Amino acid sequence: MFPLLLLLFALLPSSHGAQIPSPDQPKEIPVATNGQLFPWDRMRLPKTISPLHYDLSLHPNLTTLDFTGVVRIDLDVHEDTSVVVLHAKKMYISSALLLAPAGTRVLQVLEYPRFHQLALMSDVVLTKGRKYEVQLEFAANLSDSYHGFYKSSYRTSTGEVRVMASTQFEATFARGAFPCFDEPAFKANFTIRIIREPRHIAISNMPKVRTVELPGDLLEDHFDTTVRMSTYLVAYIVSDFQSVSRTTQHGVKISIYAVPEKINQTAFALDAAVKLLDFYDDYFDIPYPLPKQDLAAIPDFQSGAMENWGLTTYRETGLLFDPDRSSASDKLGITKVIAHELAHQWFGNLVTMEWWNDLWLNEGFAKFMEFVSLDITYPELQVDDFFLGKCFEAMEVDSLSSSHPVSTPVENPTQIQEMFDDVSYDKGACILNMLRDFLTPEAFEIGIIRYLKRFSYQNTVNSHLWESLTDICSSDDLDEGRMKHKEFCSKRKDESGASKWYSGDELDVRAIMDTWTLQEGFPLVTVEVKGREVRLSQERFLRTDNPSLTEGFLWQIPLTYMTSASRSVHRFLLKTKSDVLYLPEEVDWVKFNVNMSGYYMVHYGGGGWNSIISLLHHNHTALSGNDRASLIHNVFQLVSVEKVRLDTALELSLYLSRETEIMAVWQGFGELVPLYKLMEKRDMPELENQMKSFIVDLFRGLIDQQEWNDSGSVSQRVLRSYLLLFACVRNYSPCVTKATRLFNQWRDSDGTMSLPVDITMAVFMVGARTREGWDFLYEKYRTSLQMSVKSRLKWAMAVTTMTDKLQWMMEQSLNGEVMKTQDLPDVIVSVARNPHGFKLAWDFLRTHWHTLIQKSVNSSHMNISNSRDGPKTVQRYCKYNNIASLYKNGHLDASLLCFVMRHNSSQSFYLSSYCGWAHIRMGEAVRVGGASVKMLKAERTSYIKTF
């Protein structure tokens, strides 16, 4: 599952999700709804029986917004039993039968809603080793949330509202659509039939094999039987969608489905899906096992996308692309989402984690393969320029005491949904990238192909992956591999110099990677150079004033480094708390974590940072753009834990006046902008304005170089859009003047004038500053069918200074008529980021809290890019800040909870990271690239501790 742009996971409330008692509470005796003792007292299903095949028939009614169904499940009995325990949620079971060789018998049905379980009680023993079949008839309402089998709708250009039904079953929501064994290890085959009206179509995981006419002017579509898969991958849609199709080189039919008026925005996604599925087919050396792959753009869809086998589903913004109106970042984002979901067809669908504690085996791999696949299939997108940002985002969450190991025990739906976060996705991808760099790409490729082949249609745990990546040149699987793999292994035997990285007696992949997956956090490596001697030490990087929380952590760290004397990459495996390595000669500087391929930060002790700063000021291109970005990131993060003085970090940042690489520039903004945002919220206007001027002056040369068109590479275009937007937001006169002129021309043409896509954010933002301009933007938002354009318009409207407009936007999003409720978290967070809307957003949140709970109580995702704290931190904050009464009654998307965390809070992480800089003094003017700028110098006169 792909999170929104950037990652999504859930906080489900205790009153609506299956729960288990805490360890210190007595175990509750399970009682069914009819008062009888329920025969099973655990959250996880018993393993006495497993499903083999589901025959599922469904009849959704899009007028009454409910559905009926019949499911027949073939069962394999592993132990003698008279009870079948499976899942169902908010479902009426009208009939339950045991279909056995001896005849049909009625089953008693017991319900235990607390665990979403049904018990089918048989009056005869089901015998070990025999096969049985149960049949259940059921009915339920279409969900009004964004998961299970739910209602969606959209409005046509003529104003007509059309209703459809779609599914979202990951992680534990298939049980709300049909009775099933809703755990990933209970894989089975599915044969699905859907009854519909002639005005609709139905699609599912497999191709339709026939359509049967039924009485009452109804049609029943019969779909082919699926391969063996988990329940969370089942999918079906009933809609009036149209489609476009092509066939891959390997004979797989690819189709893109969308609402009729947007079908002309599907060409790019179709090309991308064809190219990427062919790539994965070849890269994994395992044919895609289904005859078709559909990609559907759903009007109401809260996740970013979902990897249902053979029918992947997406937000419209994640699939639809207009070449004339969509931006370079839109193209990059859409391609990444498609690459992510198609990678899941192997990682997650073909080979599935045994249980949700190892979700990262699905999501970390899919995130990682986004970048591997696009680097080869779409080199012009320059995805390597953006991978580093994923690791920085993961570290931001992973540096908190509320973080969790990549692989961590979970049991109930609440805990499972919390696993869909930056740690599972981004940290998972980053440690895989580190391992790939450590083993070499060739060895890594051999290992993961072996993993996929060994465990096809099975479930796995961490150790299965590490075993497959260990001693990769053993002969057991090479005969099935490709010639290039055999050549690689033959070559390795002849390269004794580097053999210690690959030979089985030297390299224990499991021992190394267990330190990265079974403990939370990441290491800070301190480097101190004295002559030829390099002293190394490691500790956990953690934002805390409690040293005991950093004790007991030890990683096996694959260090890389380069020096002023040699640009070759050198390697050293740090297994202990401290160690020493020796250089061939004394050097002017040393840079560890080359290209930041490792998931760790580096602190240069002694005069190390001074050497790095001198290098950047005099010859910054001696290091790669990723190296420079990682130095900016590391030094400012070290300020937040008082390892480095702020003036050291700011002095390093001065070199940015000569920087042009996107990740380094982006990281510079990412570290400097929060400084003035802090001052803005602390009502420190003089310091705020001086800080803004410092940043504008620092990047003035780069801003002035930007052309107001769509020329250049993807990275250059993304950077241009950001720079012009920043300059206009900060009221940089040349930018505001040009953007105002262009907006007036565009408005005078009634929006028909073609604006370069890359500049529209800046133009729209400036236009939204006047009431007439804002109203014009809203009208274009209301009538536009281009989702990327609507996104930019919505963002620009939320930047206005007019508080009544900001209030109206939030109310409209809550209402869901014009601005969809699925976008409500984005709207509130956008308003909250506006200095004129911060208090408004907080008041709106408090006023509408219970309504918001009802609307989002079942929404299973939250935007981690907007949330710097995990659920534990949110709960702690609520406990200590008198909003526990709001939190305990339900949850909201964490992008909203994140706003709660940041509002009026001297304890939130956002502030505590920077509040040591709150009493910054402005120093003397310095010369930077010929421009006079103010250099900030600071003393840490106060530091508010992280709670």
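Predicted model, so just to flag it, every value in this text is computed and none were measured. Along each chain, the written sequence defines residue order, and numbers are assigned to residues from 1. Whole-chain, interface and lining totals are the exception, using all residues; otherwise, since this is a predicted model, local features are given only for residues with pLDDT of at least 70 and side-chain atom pairs are given and counted only at 80 or more. For the side-chain quantities, the full set of heavy atoms in the structure was used; hydrogens and water were omitted.

## Let's talk about the pattern of salt bridges
Salt bridges are defined by distance alone: a side-chain nitrogen of Lys or Arg within 4 Å of a carboxyl oxygen of Asp or Glu. Summed over the entire model, instances satisfying the criterion amount to 46 salt bridges. The shortest N-O distance in the salt bridge between Arg72 and Glu133 comes to 2.8 Å. With Arg72 in strand S2 (residues 66-77) and Glu133 in strand S8 (residues 131-141), this pair connects stretches of sequence that are 61 residues apart. For Glu133, a relative accessible area of 17% gives the class buried. Close ionic contact of Lys453 with Asp285 constitutes a salt bridge, the shortest N to O distance being 2.9 Å. Linking Lys453 in helix H7 (residues 441-454) with Asp285 in the loop between helix H1 (267-283) and strand S18 (292-298), this pair joins segments that are 168 residues apart in sequence. Classification of residues uses two cut-offs on accessible area relative to the type maximum, computed with a 1.4 Å probe and protein chains only: under 20% is buried, over 50% is exposed, and between them is partly exposed. You can call Asp285 partly exposed: its relative accessible area is 27%. Salt bridges here are not isolated pairs; linked through shared partners, they connect Asp710, Arg717, Arg720 and Asp758. For helices the rule is a DSSP run of H or I covering at least 4 residues; for strands it is a run of E covering at least 2, with both sets numbered from the N terminus onward.

## What to know about the nonpolar core
The criterion is simple. A nonpolar core is a set of buried Ala, Val, Leu, Ile, Met, Phe, Trp, Tyr and Cys residues joined through side-chain atoms within 4.5 Å. Ranked by size, the top nonpolar core spans 300 residues in total, and within it Phe178, Tyr236, Ile338, Phe592 and Leu672 carry the most contacts. Here this core gets eleven residues from one element, more than from any other, and that element is H1. Look past the residues within four positions of Phe178 in its chain and what remains in contact with it is Tyr54, Leu56, His87, Met91, Phe138, Phe169, Phe190, Val234 and Tyr236. Working rule for contacts: check all heavy atoms of both residues, and any pair within 4.5 Å makes them a contact.

## With respect to the sheet that holds strand S3 (residues 81-87)
In this scheme, strands are said to pair when DSSP sees at least two bridges between them. Strands sit in the order S3-S7-S6 across an open sheet of three strands; the sheet is antiparallel. For this open sheet the edge positions go to S3 and strand S6 (108-112), each flanked by a neighbour on one side alone. For this sheet the average axis-to-axis angle between neighbouring strands, irrespective of direction, equals 25°. Of the pairings in the sheet, the one linking S3 to strand S7 (residues 117-126) comprises six bridges and is antiparallel in character. Think of each axis as a best-fit line through the C-alpha atoms, taken over the contacting stretch in the case of a helix, with angles from 0 to 180 degrees between the N-to-C directions.

## Points about the UniProt feature "site: Transition state stabilizer" (unreviewed entry) in the protein
UniProt positions are given in the numbering used here, feature names are shortened, and annotations may be inferred rather than shown by experiment. In the numbering adopted here, UniProt assigns the feature "site: Transition state stabilizer" (unreviewed entry) to Tyr425. Tracing the sequence through the fold places Tyr425 in helix H6 (residues 422-439). Using a relative accessible area of 0% as the deciding quantity, one classes Tyr425 as buried.

## What to know about the state of the cysteines
Any two cysteine sulfur atoms lying within 2.5 Å of each other are counted as a disulfide. All told, the structure shown has two disulfides when counted by the stated rule. Across the disulfide from Cys391 sits Cys430; the S-S distance is 2.1 Å. Here the disulfide of Cys391 and Cys430 is left-handed, its torsion about the S-S bond being about -110°. Of this pair, Cys391 sits in helix H4 (residues 384-398) while Cys430 sits in helix H6, placing them 39 residues apart in sequence. Disulfide partner of Cys728: Cys735, at an S-S distance of 2.0 Å. What sets the handedness of the Cys728 and Cys735 disulfide is the S-S torsion sign, and at about -90° it is left-handed.

## Side note on the confidence of the model for the protein
One rule of thumb: low pLDDT means the predicted coordinates there are not for detailed reading. For every residue, the predictor assigns a confidence score, pLDDT, that lies between 0 and 100. In this model, the protein carries a mean pLDDT of 84, and residues with pLDDT of at least 70 account for 84%. Of the regions scoring below 50 in pLDDT, residues 3-25 engages in 85 contacts with residues more than four places distant in sequence or in other chains. Confidence over residues 496-505 falls short of pLDDT 50; this stretch has 14 contacts with residues more than four positions distant or in other chains.

## Points about the packing of helix H13 (residues 625-640) against helix H14 (residues 646-653)
Direction vectors running N to C along H13 and H14 enclose 160°, while the axes themselves pass 9 Å from each other. The orientation of H13 relative to H14 falls into the category roughly antiparallel. Every pair of crossing elements has a handedness; the one defined by H13 and H14 is left-handed. Two secondary-structure elements touch here, H13 through Ile632, Val635, Phe636 and Val639 and H14 through Leu646, Ala649, Leu650, Leu652 and Ser653. Here the residues of the contact of H13 with H14 sort into eight nonpolar, one polar and no charged. To sort the angles, those under 35 degrees are grouped as roughly parallel, those over 145 as roughly antiparallel, those from 65 to 115 as roughly perpendicular, and the leftovers as oblique. Should the near helix be turned anticlockwise from the far one by less than a right angle, the crossing is termed left-handed; should it be turned clockwise, right-handed. Residues are grouped as follows: Ala, Val, Leu, Ile, Met, Phe, Trp, Tyr, Cys and Pro are nonpolar; Asp, Glu, Lys and Arg are charged; every other residue, Gly included, is polar.

## Side note on the environment of Gly389
Along the polypeptide, Gly389 turns up in helix H4. By relative accessible area, which is 16% here, Gly389 ends up buried. Separated by 274 residues in sequence, Gly389 and Met663 have C-alpha atoms that sit 7.5 Å apart.

## Digging into the pairing of strand S5 (residues 103-106)
Here four bridges tie strand S4 (residues 92-100) to S5, and the two strands are oriented antiparallel to one another. When the bridges of S5 are listed, Ala100 appears paired with Gly103. From the end of S4 to the start of S5, which pair antiparallel, there are two residues.

## Focus: helix H20 (residues 771-783)
The span expected for a helix works out to 1.5 Å for each residue beyond the first. The end-to-end C-alpha distance of H20 is 19 Å, a good match for the 18 Å that 13 residues give at a rise of 1.5 Å each. Summarising the contacts, the buried residues of H20 are in contact with helix H18 (733-748), helix H19 (760-767), helix H21 (787-797) and helix H22 (803-815).

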